[in-house]
Amino acid sequence: MNKPLALVIDDEPDICELLNLTLGRMDINTETASDVKSAKEKFANHKFDLCLTDMRLPDGDGLELVEWMQINASGVPVAVITAHGNVETAVQALKLGAFDFISKPLDLQNLRSIVQSALKLKDSGPDAESRLQGDSSAMHQLREMVDKVARSQAPVHISGESGTGKELVARLIHDSGPRKGGPFVPVNCGAIPTELMESEFFGHRKGSFTGAVGDKIGLLQSAGGGTLFLDEIADLPLAMQVKLLRVIQEKTVRPVGSSEEETIDARFLSATHKNLGDMVADGEFREDLYYRINVIELHVPALRERDADILQLASHILSRLSSADLQLDDAAKAALMQYPFPGNVRELENMLERAVTLCSTGTIKESDLHLRPVKSEESEETQMATGTDLGDHIDDVQRQAIVDALEKTRYNKTAAAKLLGLSFRQLRYRIKKLGIE
């Protein structure tokens, strides 16, 4: 079996020598280049398994090379070497397609971990096709994005309404990438009491506080070699957001009661059904953390946005719920296609699970689905026209106008305010007054 081959690009001989020695001890052969021109020549003459490049080169920069590689050497994972603390450049490299980044001065343990993960890429394959059901264009795009981001170590933020399957997408990213052999650790940020949050995330040492009867490993450390999925990240208190930002940037953590920091090796994925952009504008979420976790955003569409997938999803769910060959009759199928599914895929699953239990024959009828009644636009207009309270009528008109504007702008309050001709403060006041949130 041939040894892996890596290309090291740096104009500093000492750095090149250090990287060559480190990779050599990992049983990896190396080629070196001192500038962009010679690096491109090396790509033309060799088939590399990995590339490490400095950000600053005599005839260009690492970002340009990363961008060039996405077209000319797309199968080669590339990690960029950045100056210490230069987070913006590192984030830009990840957005352009870099696998990961390494900060100077080089941490050799971190370097070895990144190299090992990069070499595992060829052994990992896409898993999204079989587990993300649906033939709509929205789902095809989502599966393509999952396969693409699974090859990177960049932080990914998964947005979408409640019940759309954000955790499933996070698991697929983990299972389709080089970390699939490591742990997948999901954390519901809204379910951890504030006073226990630091201990849960970072761990603690025995005696560090009342009740700490022994050492405890934190969630960040337990995700070592794998993926940490921060679900409902919008619920993190601001004080915890500061600490999490530092962990993501430095890749180190200090357990409560410890004087020493520990290196962590985990990929960060996050999700929320809330609009983080609005929360940043409202001062409820740190802007620097937002840009750090949102290097790549994946949006999971609502079920009503891909109604062509409803019957396929229903069939898949029924085959999983029951060994019997249960079918939906025509009326039940029509009812599902007309229903707006405010609870998305989770609501469809719950609905069918109940229907399987209630169904006494081999066919599920519309009555077995117990669909929630949905008010029609006509009935709402009739109620408004016949209402005697003019104040309520005006409130209803305002509420609908605001909801329409929010939906048109995908719940971006700043854009919605502009659309309505209001200031951001006026819109926020009306939203609170009318009980829209």
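A brief look at the structure comes next. No experiment lies behind these values; they were computed from the predicted model shown.

## Some thoughts on unusual backbone geometry
Step number 1: Here Lys 104 and Pro 105 are connected by a cis peptide whose omega angle stands at -5 degrees.
Step number 2: As for its position among the elements, Pro 105 is in the loop between β7 (100-103) and α5 (108-119).
Step number 3: Even without being a glycine, Asp 27 presents a positive backbone phi close to 65 degrees.
Step number 4: As for its placement among the helices and strands, Asp 27 is situated in the loop between α1 (13-25) and β2 (29-33).
Step number 5: For Asp 27, a relative accessible area of 43% puts it in the partly exposed group.
Step number 6: The backbone of Lys 251 shows a phi angle near 60 degrees, a positive value even though the residue is not glycine.
Step number 7: With respect to the helices, strands and loops of the structure, Lys 251 is situated in the loop between α11 (238-250) and β13 (252-253).

## Some thoughts on the state of the cysteines
When the sulfur atoms of two cysteines share a covalent bond, that bond is a disulfide.
Step number 1: Tallied over the entire structure, the rule returns 0 disulfides.
Step number 2: Here Cys 16 stays free of any disulfide, with the sulfur of Cys 51 as its closest cysteine sulfur at 11 Å.
Step number 3: Overall, the relative accessible area of 10% leaves Cys 16 in the buried class.
Step number 4: In this structure Cys 51 comes out as buried when scored by relative accessible area, which is 0%.

## Concerning the side chain of Asp 10
Step number 1: Mapped onto the fold, Asp 10 is located in the loop between β1 (5-9) and α1.
Step number 2: Here Asp 10 sits buried without a salt bridge, and the closest side chain of opposite charge, Lys 104, lies 4.4 Å off (N-O distance).
Step number 3: Engagement of the side chain of Asp 10 in a polar contact is seen with the backbone nitrogen of Glu 12, the distance being 2.9 Å.

## Topic: the sheet that holds β1
Within a beta sheet, neighbouring strands are joined by backbone hydrogen bonds and run either parallel or antiparallel to one another.
Step number 1: In spatial order, the strands read β2-β1-β3-β6-β7; together these 5 strands make up an open sheet with parallel pairing. Taken across any chain shown, the strands that pair with only one partner, and hence form the sheet edges, are β2 and β7. Between one strand axis and the next, the sheet turns by 20 degrees as a mean value, whatever way the strands run.
Step number 2: Summarising the sheet, strand β3 (residues 50-54) and strand β6 (residues 78-82) pair through 4 bridges and their orientation is parallel. Across the sheet, the residue bridging to Leu 52 is Ala 79, located in β6.
Step number 3: Its contacts with the sheet place α1 against β1, β2, β3 and β6, and it is angled at close to 165 degrees to β1.

## Description of the nonpolar core
Step number 1: Counting 45 residues, the largest nonpolar core has Ile 158, Val 169, Ile 173 and Leu 298 as the members making the most contacts within it.
Step number 2: With sequence-adjacent residues up to four places away left out, Ile 173 is seen in contact with Val 146, Val 149, Ala 150, Val 156, Ile 158, Arg 267, Leu 269 and Leu 298.
Step number 3: Ranked by size, the runner-up nonpolar core spans 30 residues in total, among them Phe 201, Phe 202, Leu 245 and Leu 276.

## Structural notes on the pattern of salt bridges
Two side chains of opposite charge can pair, provided their charged atoms sit close to one another.
Step number 1: Within this structure, the stated rule accounts for 19 salt bridges.
Step number 2: Glu 261 is the salt-bridge partner of Arg 254, the closest N and O atoms lying 3.9 Å from each other.
Step number 3: For Arg 254, a relative accessible area of 43% corresponds to the partly exposed category.
Step number 4: Classification of Glu 261 as partly exposed rests on a relative accessible area of 35%.
Step number 5: For the salt bridge of Arg 372 with Glu 347, the shortest nitrogen-to-oxygen distance reads 3.0 Å. Of this pair, Arg 372 sits in the loop between α17 (366-369) and α18 (377-386) while Glu 347 sits in helix α16 (residues 344-358), and the two are 25 residues apart along the sequence.

## Structural notes on the pairing of β2
Step number 1: When β1 meets β2, the two strands line up parallel, connected through 5 bridges. Note that in β2 the partner of Ala 6 across the bridge is Thr 30.
Step number 2: The parallel pair β1 and β2, bridged by α1, forms a crossover whose chirality is right-handed.

## Description of the environment of Leu 220
Step number 1: Looking at the element boundaries, Leu 220 is found in helix α10 (residues 219-222).
Step number 2: Between the C-alpha atoms of Leu 220 and Asp 265, which are 45 residues apart in sequence, the distance is 8.6 Å.
Step number 3: In this structure Leu 220 touches Phe 201, Phe 202, Leu 228, Val 247, Val 253, Ile 264, Ala 266 and Phe 268, once residues within four positions along its chain are discounted.

## Here we look at the sheet that holds strand β8 (residues 156-159)
Step number 1: Read from one edge to the other, the open sheet built from 5 strands follows the order β9-β12-β15-β8-β16, with strand pairing classed as parallel. Strands at the two margins of the open sheet, each flanked by one partner only, are β9 (184-188) and β16 (296-299). Across the sheet, the axes of successive neighbouring strands diverge by a mean angle of 20 degrees, strand direction being ignored.
Step number 2: Of the strand pairs in this sheet, strand β12 (residues 226-231) and strand β15 (residues 266-272) are connected by 6 bridges, and their pairing is parallel.

Procedures and definitions
Chains are numbered independently. Their residues run from 1 in the order of the written sequence. Given that this is a predicted model, residues contribute local features only at a pLDDT of at least 70 and side-chain atom pairs are listed and counted only at 80 or more, while totals for whole chains, interfaces and linings are drawn from all residues. Hydrogens are left out, water is left out, and the side-chain values use all remaining heavy atoms of the structure. By the criteria applied, helices consist of DSSP H or I runs no shorter than four residues and strands consist of E runs no shorter than two, each listed in order from the N terminus. Burial status follows relative accessibility: with a 1.4 Å probe on protein chains alone, a residue under 20% of its type maximum counts as buried, one over 50% as exposed, and anything between as partly exposed. Here, two cysteine sulfur atoms that lie within 2.5 Å of each other are counted as a disulfide. For the purpose of counting charges, residues Lys and Arg are taken to be positive, whereas Asp and Glu are taken to be negative. His and the chain ends are not included. Any Lys or Arg side-chain nitrogen found within 4 Å of a carboxyl oxygen on Asp or Glu counts as a salt bridge. Pairs of N or O atoms within 3.5 Å make up the polar contacts considered here, provided that, within protein, one atom can donate a hydrogen while the other can accept it, and that residues adjacent in sequence are counted only when both atoms are side-chain atoms. For two strands to be treated as a pair, DSSP must find no fewer than two bridges joining them. Only the contacting stretch of a helix is used when fitting its axis, a line to C-alpha atoms as for every element, and angles between N-to-C directions run 0 to 180 degrees. In this analysis, two residues are considered to be in contact whenever any of their non-hydrogen atoms come within 4.5 Å of each other. Throughout this description, the term nonpolar core refers to a set of buried Ala, Val, Leu, Ile, Met, Phe, Trp, Tyr and Cys residues connected via side-chain atoms within 4.5 Å. For a crossover, the right-handed case is the one in which the path from the first strand over the helix to the second runs clockwise, viewed with the strands pointing away from the viewer.

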